[in-house]
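# Observations on the model geometry
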Amino acid sequence: MDLWFTEKQTHGAGLTLKVRETLLRERTPFQELVILDTEQYGRMLVLDGMIQTAVGDEFIYHEMITHVAMFTHPRPRRVVVIGGGDGGVVREVLKHPTVEKVVLVEIDGRVIEACRTYLPEIAACLDDPRVEIRVEDGIRHVKEHQDAYDVAIVDSTEPVGAAVGLFSPNFYADIHDCLTDDGILVAQTESPFYNQDLIKRSYAAISALFPVTRVYLAAIPTYPSGLWSFTLGSKQEDPLEVEPQPVPEFRTRYYTTKLHHAAFCLPRFVQELLV
Ligand code: SAM
């Protein structure tokens, strides 16, 4: 008999995947943590029934949430990743030779441990000497670190449980203060099909703080609706005004220097959310 996993994404839509094996299932102090091996997308992390990252398409999200901000900042040296316990964003940040320190602030240590064991290709760089892992609440961390980072990447779960506060105006204000005077914030802001109100609220809160605020999109098959948004707030540089200059050894599978700009070309229904 075949085994199938369904992520119920809205009251009326979901994604169903054929499961080869359930590799791990446990309740951590924060959430239900499951690692599945699926036919279509390989091994994946599922938290509270929501797909977080899958070997088959993780490169899209991790490249697009990281490289747009990292190539927009003139010289990113200190980076903070809020959430991101699977290690994918850290792996991408370290592709930039200017980076001296990446601080990963993940509230649930079991996510880090499980991804090291079952998703080693995503958690590949967590032992890099430039990485500092802090198992704590990102909300508290940004309050306690002023003027500390060039880039802040909010790679959080959906706005439920411990992540609710990561989508609040107060959190964005604290992030603003933890960034240097040319700092850049980028946050994953969910699906333009299913989470329009969240995108509107996040954009309003971030644009009230950052003189340059833009939304860009990427196609991510394992995420709800397959279309995903990111909101970038910048104190100085405009991502549309910079020409990314990758080093020769820089490798990606989704991000390109042309897509760096094209991703900001929004469909009309998304543009209309931002007025
Ligand atoms: N790429 C995924 C997405 O877009 O939904 C997110 C992946 S990452 C695994 C999300 C992480 O955020 C989880 O491991 C979760 O434990 C962490 N998280 C949630 N709330 C947090 C908080 N307040 N502080 C730090 N980490 C948090």
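Structure: above.
Heads up: these notes are all about the structure in this document. (Residues numbered from 1 in each chain as written. Predicted model: local features only at pLDDT ≥ 70, side-chain atom pairs only at ≥ 80, totals over all residues. Heavy atoms only, no water.)

## Thoughts on unusual backbone geometry
How we decide: By the criteria applied, helices consist of DSSP H or I runs no shorter than four residues and strands consist of E runs no shorter than two, each listed in order from the N terminus.
Non-glycine residue D48 carries a positive phi angle of around 50 degrees. You can see D48 is positioned in the loop between β4 (42-47) and β5 (50-54). Even without a glycine there, the phi angle at S225 is positive, about 75 degrees. The residue S225 is located in the loop between β11 (212-219) and β12 (227-234) in this model.

## Re the site of the ligand
We count it as follows: For each residue, the test is whether any non-hydrogen atom lies within 4 Å of the molecule or strand; if one does, the residue is near. Identification of polar contacts relies on pairs of N or O atoms within 3.5 Å, with a donor-acceptor requirement for protein atoms, meaning one able to donate a hydrogen and the other able to accept it, and with residues adjacent in sequence counted only if both atoms are side-chain atoms. The method behind every accessible area is Shrake-Rupley, applied with a 1.4 Å probe, and residues are considered shielded solely by the protein chains displayed. For this scheme, ten residues count as nonpolar: Ala, Val, Leu, Ile, Met, Phe, Trp, Tyr, Cys and Pro. Four count as charged, namely Asp, Glu, Lys and Arg, and the remainder, Gly too, count as polar. Annotation comment: domain bounds sourced from an automatic or database domain assignment.
Around the ligand sit 25 residues, and of these E106, D137, G138, A162 and Y223 come closest. Within the contact set of the ligand, a nitrogen atom lies 3.0 Å away from a backbone nitrogen or oxygen of A162. A163 is positioned such that a nitrogen or oxygen atom in its backbone is 3.5 Å from a nitrogen atom of the ligand. A total of 600 Å² of accessible area belongs to the ligand in isolation, and the protein chains cover 99% of it. Considered class by class, the residues forming the shell around the ligand number ten nonpolar, eight polar and seven charged. Split by domain, the residues of the shell around the ligand number at least three in each of domain 1 (3-54) and domain 2 (58-274).

## Here we look at the packing of aromatic side chains
Our working definition: Centre distance within 6.5 Å is the pairing criterion for rings of Phe, Tyr and Trp, where only the six-membered ring of Trp is used; planes under 30 degrees apart are then read as stacked, over 60 as edge-to-face, and the remainder as tilted. Residue exposure (1.4 Å probe, protein chains only): buried if accessible area is under 20% of the type maximum, exposed if over 50%, otherwise partly exposed.
Counted under the stated rule, the structure contains ten aromatic pairs. When the centroid spacing of 5.1 Å and the interplanar angle of 75 degrees are considered together, the rings of F71 and F250 count as edge-to-face. Here F71, found in helix α1 (residues 58-72), pairs with F250, found in the loop between β12 and α7 (257-262); they are 179 residues apart in sequence, far enough to count as distant. Each member of the pair F71 and F250 is classed as buried.

## Re the state of the cysteines
The condition that has to hold: Any two cysteine sulfur atoms lying within 2.5 Å of each other are counted as a disulfide.
A complete count under the given rule lists zero disulfides for this structure. With no disulfide of its own, C115 has C125 as its nearest cysteine by sulfur position, at a separation of 14 Å. Given the relative accessible area of 0%, C115 is considered buried. Its relative accessible area of 23% is what places C125 among the partly exposed residues.

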